[in-house]
Amino acid sequence: MMKISVITVTYNAGEVMQATLDSVMEQGYDNVEHIIIDGASTDETMAMSREYARRLKAVGSPYEVVIQSEPDSGLYYAMNKGLFRATGDYVVFLNAGDRFASPDTLTIVAEAAGSDVKTGVVYGDTVIVDIDNNILRPRHKDAPEKLSWRSFKDGMVVCHQAFFALREIAKDVPYDTDYRYSADVDWCIRVMKAAEDRGMSLVNTHSVLCHFLDNGMSQKHKGKSLRERYSIMSDHYGTLSAVSSHLSFLRQRV
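The following refers to the structure shown. (Residues numbered from 1 in each chain as written. Predicted model: local features only at pLDDT ≥ 70, side-chain atom pairs only at ≥ 80, totals over all residues. Heavy atoms only, no water.)

All right, on to the packing of aromatic side chains then. What characterises a pair of aromatic rings is the spacing of the ring centres plus the angle enclosed by the ring planes. Evaluated as defined, the whole model comprises seven aromatic pairs. Considering the side-chain rings of phenylalanine 93 and tryptophan 187, the 5.7 Å spacing of their centres and the 90 degrees angle between planes classify their relative orientation as edge-to-face. Residue phenylalanine 93 is located in strand E4 (residues 90-93), and its partner tryptophan 187 is located in helix H6 (residues 183-197); the two are separated by 94 residues in the primary sequence. By the burial criterion, phenylalanine 93 is buried, and tryptophan 187 matches it. With 6.5 Å between their ring centres and 25 degrees between their planes, phenylalanine 100 and phenylalanine 164 make a pair best called stacked. In this pair, phenylalanine 100 is assigned in strand E5 (residues 99-100) and phenylalanine 164 in strand E8 (residues 163-166), connecting sequence segments 64 residues apart. Among the residues examined, phenylalanine 100 registers a relative accessible area of 5% and is labelled buried. Judged by relative accessible area, phenylalanine 164 falls into the buried class, the value being 0%. Among the aromatic residues, ring-to-ring pairing joins Tyr76, Phe93, Phe163, Tyr175 and Trp187 into one connected group. (Phe/Tyr/Trp six-rings, centres within 6.5 Å; stacked < 30°, edge-to-face > 60°. Helix = DSSP H or I, 4+ residues; strand = E, 2+ residues; numbered from the N terminus. Buried < 20%, exposed > 50% of the residue type's maximum accessible area, 1.4 Å probe, protein only.)

Below is the structure:
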């Protein structure tokens, strides 16, 4: 059974953390490593995380839980910490407040990946939810039937939290910490490019994999995020394409 590393990055996330922890704990898939990278929270985030690890141990869960809490230099530095600590076959980032769509999510991903480890990325759809997990709307873009790194020319057509990357690829293309708000877009593109270079497939689960909490960091800092996305699109697709995509981003909600 392949191993999946779920990486959760947190900082003073006590208001939303429990939902994420419960979402992982409810998975019916056994071979899970949950890595919690915390930026030295001063609220109840760490107490909740330690209690979560205790509960898993008490019920005899096979899950591995890794908790690290220390000051860091920002979100993408923390994501790289999690990536470098991961030992699973695939990695996914499920940040505080986000949830897997159902208890079967990781089983769906594992079945889609197959057993020959020739799948570079497993992906699916996302819906936007409020803090009580009420579905507000679908994401502004549906996951394409066939995904490639060129697909992101039209925007981030697959949400970061519904993008499961083969670890042997992901560890070779860490997040570019020069970006503060949109390094996830750049990272997904580079992972897909690396998969294509290795002749690996990108597999669509045809399932909603993630419930994404409304008002994430990129929305709170939308102007700065858009400027970074313009730079990323220019680097990967050229200036003309970046201008066209940037205009469409201005009309997007998520």
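Having put the structure on the table, let's press on.
Moving on, we get to the pattern of salt bridges. If you walk through the whole model with that rule in mind, you get 11 salt bridges. A salt bridge links arginine 137 to aspartate 214; its shortest N-O distance comes to 3.3 Å. Here the residue arginine 137 occupies a position in strand E7 (residues 135-138), and aspartate 214 occupies one in the loop between strand E9 (201-213) and helix H7 (217-220), the gap between them amounting to 77 residues. Take arginine 137: its relative accessible area is 17%, and that puts it in the buried class. The class for aspartate 214 is partly exposed, based on a relative accessible area of 23%. A single salt-bridge network, built from bridges that share partners, covers Glu168, Lys171, Asp172 and Arg198. (Salt bridge = Lys/Arg side-chain N within 4 Å of Asp/Glu carboxyl O.)

Judged from the two bridges that link them, E5 and E9 form a sheet pairing that is antiparallel. From the neighbouring strand, phenylalanine 100 faces E9, where its bridge partner is cysteine 210. (Pairing = 2+ DSSP bridges.)

The next point concerns the environment of leucine 209. Here leucine 209 shows up in strand E9. We classify leucine 209 as buried; its relative accessible area is 0%. When the C-alpha atoms of leucine 209 and serine 115 are compared, they prove to be 20 Å apart, with 94 residues separating the residues in sequence. Residues within four places of leucine 209 in sequence aside, it is in contact with Arg99, Phe100, Ala101, Thr105, Ile108, Val109, Tyr123, Gly124, Asp125, Ala162 and Phe164. (Contact = heavy atoms within 4.5 Å.)

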